[in-house]
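Notes for the structure review
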Amino acid sequence: MIALPPQPDLDLASLVRTIPDFPKRGIQFRDITTLIGDAAGFSESVRRLAARAAAYRPDFIVAVEARGFLFGAAMATALGIGLVPVRKAGKLPGVTIGVDYELEYGTDRLELHEGAILPGHRVVLVDDLLATGGTILATAALMRSVGAEVAAALFVIDLPDLGGSQRLEAAGLACETLIAFDGD
């Protein structure tokens, strides 16, 4: 394996492509595929996220489907700890537990394998992007329902105009991001 050296001066925001009017008119879609396609950019993103996660001393990284898996798996490897995936309903084999939550346009459900997280486990949640915060709040509720301590939620990108970081902080959840983009 080739380890890339840290690049603390690397401008990660410049590696995120903005696609106007996707998925609908007026939305500025922040596409991370260009960031993860850049070896130095992806490596530095993971390094920065893992350094922040390490400060919380987690037992596990809990990654949210699907793009959260990309960063979460690399972070867990860098930290030498396990990864627990949280998926949409019906995607995990075996016995699962879950939580239903409200979306802007309806409801959805998140699940994890029963027994993957036990009472007292300390977890850091990770996803690629923080918008309104609904999915990560549901993930935190799911973790707490099994007795886990949710230390923090980490993201590559924050869209602060959508209010997610304020919602997480109001719910008592520490929140850190690497990049913020104005607008939605």
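Now for a quick tour of the structure.

Reading the values: rules and limits
- The numbers attached to residues start from 1 for each chain and follow its sequence in the written order.
- Totals for whole chains, interfaces and linings use every residue, but because this is a predicted model, local features are given only for residues with pLDDT of at least 70 and side-chain atom pairs only at 80 or more, for both listing and counting.
- As a rule here, side-chain values cover all heavy atoms of the structure and leave hydrogens and water aside.
- Going along the chain from the N terminus, every DSSP run of H or I of four or more residues is numbered as a helix, and every run of E of two or more is numbered as a strand.
- A helix is expected to reach a length of 1.5 Å times the quantity of its residues less one.
- Exposure is judged per residue with a 1.4 Å probe applied to protein chains only, and the accessible area is read against the type maximum: over 50% gives exposed, under 20% gives buried, and values in between give partly exposed.
- What the arc describes is the spread of directions from the helix axis to the C-beta atoms.
- Only the contacting stretch of a helix is used when fitting its axis, a line to C-alpha atoms as for every element, and angles between N-to-C directions run 0 to 180 degrees.
- Helix crossings get a hand from a simple test, with the near helix turned counterclockwise from the far one by less than a right angle marking a left-handed crossing and a clockwise turn marking a right-handed one.
- In this description, contact between two residues means that some pair of their heavy atoms is separated by no more than 4.5 Å.
- Only Asp, Glu, Lys and Arg are considered charged in this grouping, and only Ala, Val, Leu, Ile, Met, Phe, Trp, Tyr, Cys and Pro are considered nonpolar; every other residue, Gly among them, is considered polar.
- Think of a polar contact as two N or O atoms within 3.5 Å of one another; within protein, one of them needs to be a possible hydrogen donor and the other a possible acceptor, and neighboring residues in sequence only count if both atoms come from side chains.
- Pairing of aromatic rings covers Phe, Tyr and Trp, the last through its six-membered ring, and needs centres within 6.5 Å; plane angles under 30 degrees mean stacked, over 60 mean edge-to-face, and all others mean tilted.
- Side-chain atoms within 4.5 Å are what join buried Ala, Val, Leu, Ile, Met, Phe, Trp, Tyr and Cys residues into a set we call a nonpolar core.
- Two strands qualify as a pair provided that DSSP identifies no fewer than 2 bridges between them.

1. Some points on helix H3 (residues 67-79)
With 13 residues, H3 extends 19 Å between its outermost C-alpha atoms, agreeing within 8% with the 18 Å of an ideal straight helix rising 1.5 Å per residue. What H3 keeps buried is the set Gly-68, Phe-71, Gly-72, Met-75 and Ala-76. Relative to the axis of H3, the buried residues are bounded by an arc of 130° and lie together on one face. Relative to its buried face, H3 has exposed residues pointing more than 90 degrees away, namely Thr-77 and Ala-78. Just past H3, the residue Gly-80 takes up positive phi, approximately 70°.

2. Description of the packing of helix H2 (residues 39-54) against H3
At a minimum axis distance of 9 Å, the contact between H2 and H3 shows a crossing angle of 65°. Note on packing geometry: the crossing formed by H2 with H3 is right-handed. Here Phe-42, Ser-45, Val-46, Leu-49, Ala-50, Ala-53 and Ala-54 of H2 lie close against H3, whose contacting residues are Leu-70, Phe-71, Ala-74, Met-75, Ala-78 and Leu-79. Its residues assigned to classes, the contact of H2 with H3 comprises twelve nonpolar, one polar and no charged.

3. Here's the deal with the side chain of Glu-111
Inspection of the secondary structure puts Glu-111 in strand S6 (residues 106-113). The class of Glu-111 is buried, set by a relative accessible area of 10%. In this structure the side chain of Glu-111 is engaged in a polar contact, spanning 3.2 Å, whose partner is the backbone nitrogen of Gly-90. Residues contacting Glu-111, with those up to four places away along its chain left out, are Pro-85, Val-86, Arg-87, Lys-88, Ala-89, Gly-90, Leu-92, Thr-96, Ile-97, Gly-98 and Leu-142.

4. Notes on the side chain of His-121
Residue placement: His-121 occurs in the loop between S6 and strand S7 (122-130). A polar atom in the side chain of His-121 sits 2.8 Å from the backbone nitrogen of Leu-118. Apart from residues lying up to four places away in sequence, His-121 is in contact with Asp-59, Phe-60, Ala-116, Ala-148 and Glu-149.

5. Quick word on the packing of aromatic side chains
All told, the structure shown has two aromatic pairs when counted by the stated rule. Between the aromatic rings of Phe-22 and Phe-29, the centroid separation amounts to 5.2 Å while the plane-to-plane angle is 85°, which identifies the pairing as edge-to-face. Seen from their ring centres, Phe-42 and Phe-71 are 5.5 Å apart, and the 70° between their planes marks the pair as edge-to-face. Here Phe-42, found in helix H2, pairs with Phe-71, found in helix H3; they are 29 residues apart in sequence, far enough to count as distant.

6. Quick notes on helix H4 (residues 134-145)
Relative to the 16 Å expected for twelve residues at 1.5 Å per residue, H4 spans 16 Å between its end C-alpha atoms, a close match to the ideal helical length. Those residues of H4 lying buried are Gly-134, Ile-136, Leu-137, Ala-138, Thr-139, Ala-140, Leu-142 and Met-143. At the exit of H4 stands Gly-147, carrying a positive phi of roughly 90°.

7. Observations regarding the nonpolar core
Of all hydrophobic cores here, the largest spans 28 residues; its most connected members are Val-62, Ile-117, Val-123, Leu-125, Met-143 and Leu-168. Taken together, the elements giving at least two residues each to this core come down to strand S3 (60-64), strand S4 (82-88), strand S5 (96-103), S6, S7, H4 and strand S8 (149-158). Element by element, the count of residues in this core is highest for H4, at six residues. The next biggest cluster of nonpolar side chains, apart from the first, holds 25 residues, and it includes Ala-53, Ala-151, Leu-154 and Leu-178.

8. Let's talk about the sheet that holds S3
In space, the seven strands of this open sheet follow the order S5-S6-S4-S3-S7-S8-S9, with mixed pairing throughout. Every other strand in the sheet has two partners, leaving S5 and strand S9 (175-180) as the edge strands with one partner each. For this sheet the average axis-to-axis angle between neighbouring strands, irrespective of direction, equals 25°. Examined bridge by bridge, S3 and S7 share four bridges and lie parallel to one another. Among the inter-strand pairings, Phe-60 is bridged to a residue of S7, identified as Val-123. Contacting S3, S4, S7 and S8, H3 crosses the sheet at an angle of about 170° to S3.

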